[in-house]
Amino acid sequence: MLAIQNGKFIVPNEAGDFVARQEGVLLCEGEKIKGFVADGEIPKNAEVIDAQGNYVAPGFLNVHIHGCAGADTMDGTEEALARMARLQAQTGVTGFLPTTMTCRWHEVEDALATVMEAMESQPMGARVLGAHMEGPFISPAKKGAQAEENIRQADYKLVKPWEKVVKIITLAPEELPDYDFVDKCHAAGITVSIGHTAADYDTAVSAVKEHGIHHFTHVYNAMTGFSHRSPGVVGAAFDTEANCEIIADNVHSHPAAQRLLYHAKGGKNIVLITDSLRACGLGDGPSELGGQEVFVKGELATLKDGTIAGSVATMNRCVKIFWENTGAELPQIIEMVTKTPAQELALYEKIGSLESGKRADIVIFDEEVQIHKTVIGGKVYYHD
């Protein structure tokens, strides 16, 4: 049994909104959260963790990450996913979706097969919850760092063998002949996301309101921007209740753009992601993404032509940056990396909050969002 005391616990209130509370001790039994007890009710056999006044929150979820620690999803190896899982846990992430690129289809399938194996074996570290397919059903006009020669027409026959592993698919709605592909994804429980798209505002809004697409991939990046006469996909993201990913690294989105998204969405329906590359955690120098050479300097990673190519950010860093840039209350920011993605993945009954019966995936961090401990399945995996 595990007992965590002296923490600022981020928990849902009666309305379901996250708040901070300082009273009580959080008990975990086995892999599950048992609940809160008074300070004097800690079982004698419990392993006690003193949070020392730091924040205690549900483990973070990262639904869009290509790689880190020198490893990439497209490596298609268990060792690559294991390396990613280890670094993710060190940065407060307890569950993630390894994300594929617009590569040759057999390479995508190899990567998905490896993700499926990892879902069953679960490497030490953050848990592999499934895969996010970013492409190849995207727009050549907004390909970003995706390889144009591998872009193809959406075909559900390609996806069907991987229904159990694919949790999110990013596509360009204007490239679809109809919405049959989307309907089949939804029937299989796969979230469809609008991204890498040259669609206009009306097409994007129709996709959300008439066809049930409720996710936007890395808002602002690789999509039509906002202007007062042509609101674009960014305007559709602002003007609907769909969930919006954002890479809060101050490279992919300016601090003011982060604030605008926060205010446009009323602080809700926002999902912080890293979209990180294998270069994440390695410092400056050359790297690789989807067979393309990448150069990293500081927080910026680019292709040879200067195209921004994913991030080198960690999730705890994104939480800190978005918190600073928006001035929001921290519990609301924590929802964006726990409750909101868990709900979208239909996992909120099992993970995403510090509630009785849920999996004991917990992170302890300070005011700088530096991670002090990560608990995965009731066991301390990482401590500083």
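Our subject is the structure listed above.
### Re the overall build of the protein
So, point 1. Across its full length, the protein carries 10 helices and 24 strands.
So, point 2. In summary, the protein has a C-alpha radius of gyration of 20 Å against a globular reference of 21 Å for 384 residues, a match within 12%.
So, point 3. Seen through its principal axes, the protein has C-alpha atoms that stretch 65 × 45 × 40 Å.
So, point 4. By sequence separation, contacts in the protein at least 24 residues apart represent 68% of the contacts at least 6 residues apart.
So, point 5. Taken as a whole, the protein presents about 15200 Å² of accessible surface, with 47% of it coming from carbon and sulfur.
So, point 6. Separation of charge centres in the protein, based on 33 positive and 52 negative side chains, amounts to 2 Å.

### Some thoughts on the packing of aromatic side chains
So, point 1. Using the criterion set out here, one finds 9 aromatic pairs in the structure.
So, point 2. When the ring of F60 is compared with that of F365, the centres are 5.9 Å apart and the planes differ by 55 degrees; the resulting orientation is tilted. One end of the pair, F60, is in strand β8 (residues 60-65); the other, F365, is in strand β22 (residues 362-365), with 305 residues separating them in the sequence. Assigned by exposure class, F60 and F365 land together as buried.
So, point 3. Geometrically, the ring pair formed by Y156 and F181 is edge-to-face, given 5.9 Å between the ring centres and 70 degrees between the ring planes. Taken together, the residues Y156 in helix α3 (residues 156-159) and F181 in helix α4 (residues 180-187) connect sequence positions 25 residues apart.
So, point 4. Among the residues examined, Y156 registers a relative accessible area of 9% and is labelled buried.

### A closer look at the layout of surface pockets
So, point 1. The computed volume of the largest pocket comes to approximately 280 Å³.
So, point 2. Around the largest pocket, the lining is made up of 14 residues, and of these R127, L129, L347, K350 and I351 lie nearest the centre.
So, point 3. Per-class residue counts for the lining of the largest pocket are 6 nonpolar, 2 polar and 6 charged.

### Some points on the side chain of T99
So, point 1. Turning to its location among the elements, T99 is positioned in strand β11 (residues 93-100).
So, point 2. Overall, the relative accessible area of 0% leaves T99 in the buried class.
So, point 3. With near-sequence residues (within four places) excluded, T99 lies in contact with V63, H64, I65, H66, T73, H132 and E134.

### Overview of the pairing of strand β20 (residues 292-297)
On a regular strand, each side chain points to the face opposite its neighbour's, so the side chains alternate between the two faces of the sheet.
So, point 1. As judged from the 5 bridges shared by strand β19 (residues 285-289) and β20, these two strands associate in the antiparallel manner. Of the residues in β20, the one forming a bridge with G285 is V296.
So, point 2. Linking β19 back to β20 in an antiparallel pair, the connection comprises 2 residues, with G290 at a positive phi of about 55 degrees.
So, point 3. Across 3 bridges, the pairing between β20 and strand β21 (residues 300-302) is antiparallel. Looking at β21, one finds that F295 is bridged to T302.
So, point 4. Remark: 2 residues form the turn of the hairpin made by β20 and β21, two consecutive strands paired antiparallel; G298 in that turn has positive phi of roughly 65 degrees.

### Quick look at the sheet that holds strand β2 (residues 8-12)
So, point 1. In spatial order, the strands read β3-β2-β7-β22-β23-β24; together these 6 strands make up an open sheet with mixed pairing. Looking along the sheet, the strands with just one partner apiece sit at the ends: β3 (18-21) and β24 (379-383). Recorded for the sheet is a direction-independent mean angle of 25 degrees between the axes of neighbouring strands.
So, point 2. Note that β2 and β3 share 4 bridges and pair antiparallel. Across the sheet, residue F9 finds its bridge partner in β3, namely R21.
So, point 3. Contacting β23 (371-376) and β24, helix α1 (residues 78-90) crosses the sheet at an angle of about 85 degrees to β24.

### What to know about empty space enclosed by the protein
So, point 1. Enumeration over the complete set of coordinates arrives at 1 cavity of 30 Å³ or more.
So, point 2. Forming the walls of the largest cavity are P58, G59, L61, T94, I351, G352, S353, R359 and D361.
So, point 3. Its residues assigned to classes, the lining of the largest cavity shows 3 nonpolar, 4 polar and 2 charged.

### A word on the nonpolar core
So, point 1. Formed by 106 residues in total, the largest nonpolar core has its most connected members in F60, F216, L272 and F365.
So, point 2. Ignoring sequence-local partners within four residues, the contact set of F365 consists of I10, N54, Y55, A57, F60, L330, I334, Q370, I371 and H372.
So, point 3. Counting residues in each nonpolar core, the second largest holds 15 residues, with L2, V11, L26 and V375 among its members.

How each quantity is defined
- Residues numbered from 1 in each chain as written.
- Predicted model: local features only at pLDDT ≥ 70, side-chain atom pairs only at ≥ 80, totals over all residues.
- Heavy atoms only, no water.
- Helix = DSSP H or I, 4+ residues; strand = E, 2+ residues; numbered from the N terminus.
- Rg over C-alpha atoms; globule rule 2.2 N^0.38 Å.
- Contact = heavy atoms within 4.5 Å.
- Areas by Shrake-Rupley, 256 points an atom, 1.4 Å probe, with all protein chains shown as cover.
- Lys, Arg positive; Asp, Glu negative; His and termini not counted.
- Charge placed at Lys NZ, Arg CZ, Asp CG, Glu CD.
- Phe/Tyr/Trp six-rings, centres within 6.5 Å; stacked < 30°, edge-to-face > 60°.
- Buried < 20%, exposed > 50% of the residue type's maximum accessible area, 1.4 Å probe, protein only.
- 1 Å grid on protein atoms, 1.4 Å probe; cavity = no way out; pocket = protein on both sides within 12 Å on 5 of 7 lines; lining within 4 Å.
- Points joined across faces, edges and corners; volume = space filled by probe spheres on them.
- Nonpolar A, V, L, I, M, F, W, Y, C, P; charged D, E, K, R; others polar.
- Pairing = 2+ DSSP bridges.
- Axes fitted to C-alpha atoms, helices over the stretch in contact; angles between N-to-C directions.
- Core = buried A, V, L, I, M, F, W, Y, C linked by side-chain atoms within 4.5 Å.

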